[in-house]
Amino acid sequence: MSDPSRPAMAKVAADLFRRNPVMWGFSVAIGLLLAALLATTVIQLQSVVLSVFIAFFITLGLDPLIRLLQRWGLKRGMAIVSVIVVFVLIVAGLIWVVVPILVSQISTLVTTVPQEITRLNNEGWFDIVNEATNGAATNALDWAQKTATDPNTWATVGGGAVQVGSSIVNGVSTGLFVFILTLNFIATLGGIKKAGYSLINASVRPRFEEYAERIMASVGSYLNGMVVLAFINAVFSGLLLWIVGAPYPFVIAVICFFITLIPLIGTIITTIFMTVIALFASPIAALVVLVAMLVYMQVEAYILTPRVMSKAVQIPGSLVLIAALAGGTLLGLVGALVAIPMAAGVVLLVREVVIPRKARS
């Protein structure tokens, strides 16, 4: 539906240009300056905007749980309180249990890297690999060992200790802000949506609300599904590495959880990463990890993903790759994660609004 005020505004602008070009140019310059000021403000507040963005998407991911509890007979208020309590307990549990183990294994990993590289270089099977690669494997290990044992490397790290500490403090404060904001969004999501819908023209508000609810439900289902799949992958990866005797399975499992959140290619990356890590145990361990992960990838693709993602809007694989690449370029892992449901929303609008309108014209 066209806006009837636009022709009148264009006529006023044209009249102003004919009568007083200087004033017209001054008005355009002010508009450009205001736009530049707005863009600069958004860039300076990008961390805040990103935190709000993350909190809102976490809220959309938790909203299906609230709806599920409502279907089980709980009132919405009790369902919201239950989800908030579970969310707080999960975060507290991660901080209390997971973080100390993770820090301990990372510290051990940093101090034992040179010894592990030396041991790997002395393995009998490594000579075979080195001959097959014309000495490239030895060169790579020599470079890694020199880098790990070079005092300048650690001096550089130490020189940036203040910056690292500042980054840690900023990360903790941002995480706390996202956590508190998520709790507020969960409690007030209904009011936020109602306020947003009230800004839409009454004539198109019911249809807009219908599509908005469907898109947000799809986003929530997708985010829930990605977290569930990533958690299953992380648990399987950790157990597999522990069984074959690979070093630091807990740390690798946590890393695999976040890598698997990357759409389509996350599991492939974790498979390669885990196979390389398993080489520190033995070639047989690496082979077992590779075969097991290839089997898991088939199970995930044909059994787990269809069941977990059954309620999310389906989009072509090419669009998934494009959306993930664009989102990852702009906002990193978070952007890659949220770009897929946003693309699904666009596909839904094109499929049910644009195409039918074109068919009727």
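Residues numbered from 1 in each chain as written. Predicted model: local features only at pLDDT ≥ 70, side-chain atom pairs only at ≥ 80, totals over all residues. Heavy atoms only, no water.

- Per an unreviewed UniProt entry, the chain goes by the name Putative PurR-regulated permease PerM and belongs to Pseudoclavibacter helvolus.
- Database annotation for the chain, UniProt heading Subcellular location (unreviewed entry): "Cell membrane".
- A UniProt comment under Sequence similarities (unreviewed entry) is attached to the chain, and it reads "Belongs to the autoinducer-2 exporter (AI-2E) (TC 2.A.86) family." (UniProt positions renumbered as here; feature names shortened; annotations may be inferred.)

Thoughts on the overall build of the chain
Then step 1. Of regular secondary structure, the chain possesses 13 helices and zero strands.
Then step 2. Taken from the N to the C terminus, the helices and strands of the chain come in the order α-α-α-α-α-α-α-α-α-α-α-α-α.
Then step 3. A total of 361 residues make up the chain; the buried ones form 29% of that total.
Then step 4. Relative to all contacts within the chain whose residues are 6 or more apart in sequence, the contacts with residues 24 or more apart total 68%.
Then step 5. Here the chain displays about 22400 Å² of accessible surface, and carbon together with sulfur accounts for 74% of that area. (Helix = DSSP H or I, 4+ residues; strand = E, 2+ residues; numbered from the N terminus. Buried < 20%, exposed > 50% of the residue type's maximum accessible area, 1.4 Å probe, protein only. Contact = heavy atoms within 4.5 Å. Areas by Shrake-Rupley, 256 points an atom, 1.4 Å probe, with all protein chains shown as cover.)

What to know about the packing of aromatic side chains
Then step 1. Across all of its chains, the model carries five aromatic pairs by this definition.
Then step 2. On the numbers, 5.5 Å between centres and 25° between planes, the contact of Phe 87 with Phe 179 is stacked. Of this pair, Phe 87 sits in helix H4 (residues 76–121) while Phe 179 sits in helix H8 (residues 161–197), placing them 92 residues apart in sequence.
Then step 3. Taken together, a centroid distance of 6.2 Å and an interplanar angle of 80° make the contact between Tyr 197 and Phe 208 edge-to-face. Of this pair, Tyr 197 sits in helix H8 while Phe 208 is found in helix H9 (residues 205–244), placing the two residues 11 residues apart along the sequence.
Then step 4. Overall, Phe 208 belongs to the partly exposed group, its relative accessible area being 39%. (Phe/Tyr/Trp six-rings, centres within 6.5 Å; stacked < 30°, edge-to-face > 60°.)

Some words on a nonpolar patch on the surface
Then step 1. There is a patch of nonpolar side chains on the surface, built from Leu 287, Leu 290, Val 291, Leu 294, Val 295, Val 299, Tyr 302 and Ile 303 and spanning about 720 Å² of accessible area.
Then step 2. Structurally, Leu 287 can be placed in helix H12 (residues 283–308). (Patch = residues over 30% accessible without salt bridge, like charges linked within 9 Å, V, L, I, M, F, W, Y side chains within 5 Å. Salt bridge = Lys/Arg side-chain N within 4 Å of Asp/Glu carboxyl O.)

Comments concerning a positive patch on the surface
Then step 1. A contiguous patch of positive charge on the surface is contributed by Arg 207, Arg 357, Lys 358 and Arg 360.
Then step 2. When residues of the positive patch are assigned to their parent elements, the largest contribution, three residues, is made by helix H13 (residues 317–360).
Then step 3. Look at Lys 358 and you get exposed, because its relative accessible area is 61%. (Lys, Arg positive; Asp, Glu negative; His and termini not counted. Charge placed at Lys NZ, Arg CZ, Asp CG, Glu CD.)

Considerations on the environment of Tyr 211
Then step 1. You can see Tyr 211 is positioned in helix H9.
Then step 2. For the pair Tyr 211 and Leu 349, spaced 138 residues apart in sequence, the C-alpha separation works out to 7.6 Å.
Then step 3. Among all residues touching Tyr 211, those that are not within four sequence positions of it are Leu 349, Glu 352 and Val 353.

Considering the pattern of salt bridges
Once their charged atoms are close, side chains differing in charge can pair, the charge on each being opposite to the other.
Then step 1. In total, this model carries three salt bridges according to the counting rule given.
Then step 2. Between Arg 67 and Asp 63 there is a salt bridge whose closest N-O contact spans 2.8 Å. Here Arg 67 pairs with Asp 63, and both are found in helix H3 (residues 46–71), just four residues apart, close to one helical turn.
Then step 3. Two residues, Glu 213 and Arg 67, come together in a salt bridge whose shortest N-O distance is 3.4 Å. Of this pair, Glu 213 sits in helix H9 while Arg 67 sits in helix H3; the two residues are 146 residues apart in sequence, bridging distant segments of the chain.
Then step 4. Taking relative accessible area as the criterion, Glu 213 reaches 22% and is therefore assigned partly exposed.

A word on the packing of helix H11 (residues 266–278) against H12
Then step 1. As a packed pair, H11 and H12 sit with axes 8 Å apart at the nearest point and diverge in direction by 165°. Comparing their axes, H12 and H11 come out roughly antiparallel. When the axes of H11 and H12 are compared, the crossing they make is right-handed. Across the interface between the two elements, Thr 267, Ile 268, Thr 270, Thr 271, Met 274, Thr 275 and Ala 278 from H11 touch Ala 285, Ala 286, Val 289, Leu 290, Met 293, Met 297 and Glu 300 from H12.
Then step 2. Taken together, the residues of the contact of H11 with H12 break down into nine nonpolar, four polar and one charged. (Axes fitted to C-alpha atoms, helices over the stretch in contact; angles between N-to-C directions. Parallel < 35°, antiparallel > 145°, perpendicular 65-115°, else oblique. Left-handed = near helix turned anticlockwise from the far one by under 90°. Nonpolar A, V, L, I, M, F, W, Y, C, P; charged D, E, K, R; others polar.)

A short note on the nonpolar core
Then step 1. If you look at the biggest cluster of nonpolar residues, it comprises 18 residues, and the most contacted ones within it are Phe 57, Met 216, Val 219, Tyr 222, Leu 223, Ala 323 and Ile 340.
Then step 2. Sorting the residues of this core by element identifies H3, H9 and H13 as the ones contributing at least two each.
Then step 3. Of all hydrophobic cores here, the second largest spans 15 residues; its members include Cys 256, Met 274, Ala 278 and Ala 292. (Core = buried A, V, L, I, M, F, W, Y, C linked by side-chain atoms within 4.5 Å.)

What about the side chain of Thr 271?
Then step 1. Along the chain, Thr 271 turns up in helix H11.
Then step 2. With residues near it in sequence (within four places) discarded, Thr 271 still touches Leu 290, Met 293 and Met 297.

Quick word on empty space enclosed by the protein
Then step 1. All chains considered together, the criterion is met by one cavity of 30 Å³ or more.
Then step 2. There is about 70 Å³ of room inside the largest cavity.
Then step 3. Taken together, Leu 60, Asp 63, Pro 64, Arg 67, Leu 189, Lys 193, Glu 213, Met 216, Ala 217 and Gly 220 make up the full set of residues lining the largest cavity.
Then step 4. For the lining of the largest cavity, the elements supplying multiple residues, two or more each, are H3, H8 and H9. (1 Å grid on protein atoms, 1.4 Å probe; cavity = no way out; pocket = protein on both sides within 12 Å on 5 of 7 lines; lining within 4 Å. Points joined across faces, edges and corners; volume = space filled by probe spheres on them.)

Examining the environment of Lys 193
Then step 1. As for its placement among the helices and strands, Lys 193 is situated in helix H8.
Then step 2. It is 9.0 Å that separates the C-alpha atoms of Lys 193 and Glu 209, two residues lying 16 residues apart in sequence.
Then step 3. Ignoring anything within four residues of it in the chain, the contact list for Lys 193 reads Arg 67, Glu 213 and Met 216.

Notes on the UniProt feature "transmembrane region" (unreviewed entry) in the chain
Then step 1. Here, the residues flagged by UniProt with the feature "transmembrane region" (unreviewed entry) are residues 21–42, 48–66, 78–103, 176–200, 221–244, 250–269, 276–299 and 319–350.
Then step 2. Secondary structure across residues 48–66 divides into 100% helix and 0% strand, with the first and last C-alpha atoms of the span separated by 26 Å.
Then step 3. In the segment residues 176–200, helix accounts for 88% and strand for 0%; the C-alpha atoms at its two ends are 33 Å apart.

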